[in-house]
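# Structural characterization, general
Chain residues, written in single-letter form:
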Amino acid sequence: MKTLITERLKLREWTMEDAPDLFEYAQNPRVGLNAGWYPHTSLRDSEEYISLASKAGDVWAIEHIEQGKVIGGIGLHAGGLRKADWARELGYVLSEAYWGRGLMSEAVNAVLKFGFEELELKIISVRHFNGNDRSRRVIQKSGFRFEGVASTALFFDGRVIDEWCYSITCDEWRGKRGRPIQNHRFYQNLQCEFFPCHPTEDAERFSCQFCYCPLYAREDCGGCYVVLENGIKDCSRCLKPHYDYDGIVKRLR
């Protein structure tokens, strides 16, 4: 696997020397159960995982460059939602000690770039369990488009799981990086069925985000957005204000 370097991370192949770092976070039930696997109970569990990941060749170890330790993993897997040579499914996991620092978004962006530019993929999919809001925020910040809910997708850990499904095409990813986005200009989504969602005599100057989403100015509003290279926050895919305004008000309080 090609090593990918970001500002704070090195995405590289797994080695058996990584087993203690892996076991350190993989024994935490708050980590594995949200990703669909049971906590590791021994160092042997971690060694077996590394052996399987190395053979598959589709999972990077996430190494924190400054600290020189493995803090998670991220992969592009064949199969999944779309079984085609030009499609992959993203999966990732991060040590709880490193949650909330933007590290996984950093890793995801590097993997998307590799997938679309070097593997020449057409589409990348990703899923998360119902209630996994941390994963949802990473997915939405990375520009994935919500496709729907796979109801009763699996039975795991004594419960029935619904899965939220998302995807991003190569063209959408290129648009996310600051290239022209069809049907989007200024702070408007002209294709939105609600546009303009409030009476106005000057639709040309109508600003969707500032008008109906008081969370827009927050760094993490919890909605579906991407930040373009020019610094504009593009919320053209987000309908959260229309369908979850009570949730917005609750977050403000």
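Predicted model, so just to flag it, every value in this text is computed and none were measured. The residue numbers shown here count from 1 along each chain, following its written sequence. The predicted origin of the model limits local features to residues at a pLDDT of at least 70 and limits the giving and counting of side-chain atom pairs to 80 or more, whereas totals for whole chains, interfaces and linings rest on all residues. Where side-chain values are given, they derive from all heavy atoms of the structure, hydrogens and water being excluded.

### Some points on the environment of Ala56
Helix and strand labels come from DSSP, where a helix needs a run of H or I of at least four residues and a strand needs a run of E of at least two; each type is numbered from the N terminus. Looking at the secondary structure, you find Ala56 in helix H3 (residues 43-56). Buried, partly exposed and exposed residues are distinguished by accessible area as a fraction of the type maximum, computed with a 1.4 Å probe on protein chains only: under 20%, between the cut-offs, and over 50%, respectively. For Ala56, a relative accessible area of 51% translates into the label exposed. Put simply, Ala56 and His77 are 21 residues apart on the chain and 9.0 Å apart in space, counted from C-alpha to C-alpha.

### Here we look at the nonpolar core
The definition of a nonpolar core used throughout is a set of buried Ala, Val, Leu, Ile, Met, Phe, Trp, Tyr and Cys residues joined through side-chain atoms within 4.5 Å. Ranked by internal contacts, the top residues of the largest apolar core, which has 30 residues, are Ile74, Leu90 and Phe144. Formed by twelve residues, the second largest nonpolar core is a distinct cluster that contains Val31, Val59, Ala61 and Val93.

### Quick look at the packing of aromatic side chains
The pairing test for Phe, Tyr and Trp rings, Trp by its six-membered ring, is centres within 6.5 Å, and the orientation test on the planes gives stacked under 30 degrees, edge-to-face over 60, and tilted for anything in between. Tallying each qualifying case throughout the model produces six aromatic pairs. Residues Trp60 and Phe114 carry aromatic rings whose centres are separated by 5.5 Å and whose planes lie at 90° to one another, so their mutual orientation is edge-to-face. Pair noted here: Trp60 is in strand E3 (residues 59-64) and Phe114 is in helix H4 (residues 103-117), with a separation of 54 residues, a long-range link. Residue class for Phe114 comes out buried when judged on its relative accessible area of 12%. Relative to Phe156, the ring of Phe129 has its centre 6.3 Å away and its plane inclined at 55°; by these criteria the two rings are tilted. Here Phe156 lies in strand E7 (residues 145-156) and Phe129 lies in strand E6 (residues 123-129), a separation of 27 residues in the sequence. Taken together, Tyr38, Phe129 and Phe156 form an aromatic cluster joined through their ring pairs.

### Examining the pairing of E7
Between any two strands, pairing holds if DSSP finds at least two bridges. Pairing geometry for E7 and strand E8 (residues 159-169), over eight bridges, is antiparallel. Counterpart to Phe146 in the pairing with E8 is Tyr166. Where E7 folds back on E8, the antiparallel hairpin that results is connected by two residues, among which Asp157 adopts a positive phi of roughly 55°.

### Details of the sheet that holds strand E5 (residues 87-94)
In space, the eight strands of this open sheet follow the order E1-E2-E3-E4-E5-E6-E8-E7, with mixed pairing throughout. Because the sheet does not close on itself, it has two edges, and the strands there are strand E1 (4-5) and E7. Sheet analysis places strand E4 (residues 69-77) next to E5, joined by six bridges and oriented antiparallel. Looking at E5, one finds that His77 is bridged to Glu89. Of the strands in this sheet, E1, strand E2 (9-12), E3, E4, E5, E6 and E8 are in contact with H4, which crosses E4 at around 40°. Whether two residues are in contact is decided by their heavy atoms, any of which lying within 4.5 Å being enough. For helices, the fitted axis covers only the stretch in contact; all axes are lines through C-alpha atoms, and the angles between them, taken along N-to-C directions, range from 0 to 180 degrees. Seen against the sheet, helix H5 (residues 133-141) touches E5, E6 and E8 and runs at an angle of roughly 160° to E6.

### Structural notes on the confidence of the model for the chain
Residue-level confidence of the predictor is what pLDDT reports, using numbers from 0 through 100. The predicted model of the chain has a mean per-residue pLDDT of 81, with 71% of residues at 70 or higher. Ignoring residues within four places in sequence, the model shows residues 178-187, a span with pLDDT below 50, making 23 contacts including any to other chains.

### As for the pattern of salt bridges
Salt bridge criterion: a side-chain nitrogen from Lys or Arg within 4 Å of a carboxyl oxygen from Asp or Glu. A complete count under the given rule lists 14 salt bridges for this structure. One salt bridge connects Arg8 with Glu106, and the closest N-O pair in it is separated by 2.8 Å. Within this pair, whereas Arg8 is found in the loop between E1 and E2, its partner Glu106 is found in helix H4, the two being separated by 98 residues in sequence. Its relative accessible area of 14% is what places Glu106 among the buried residues.

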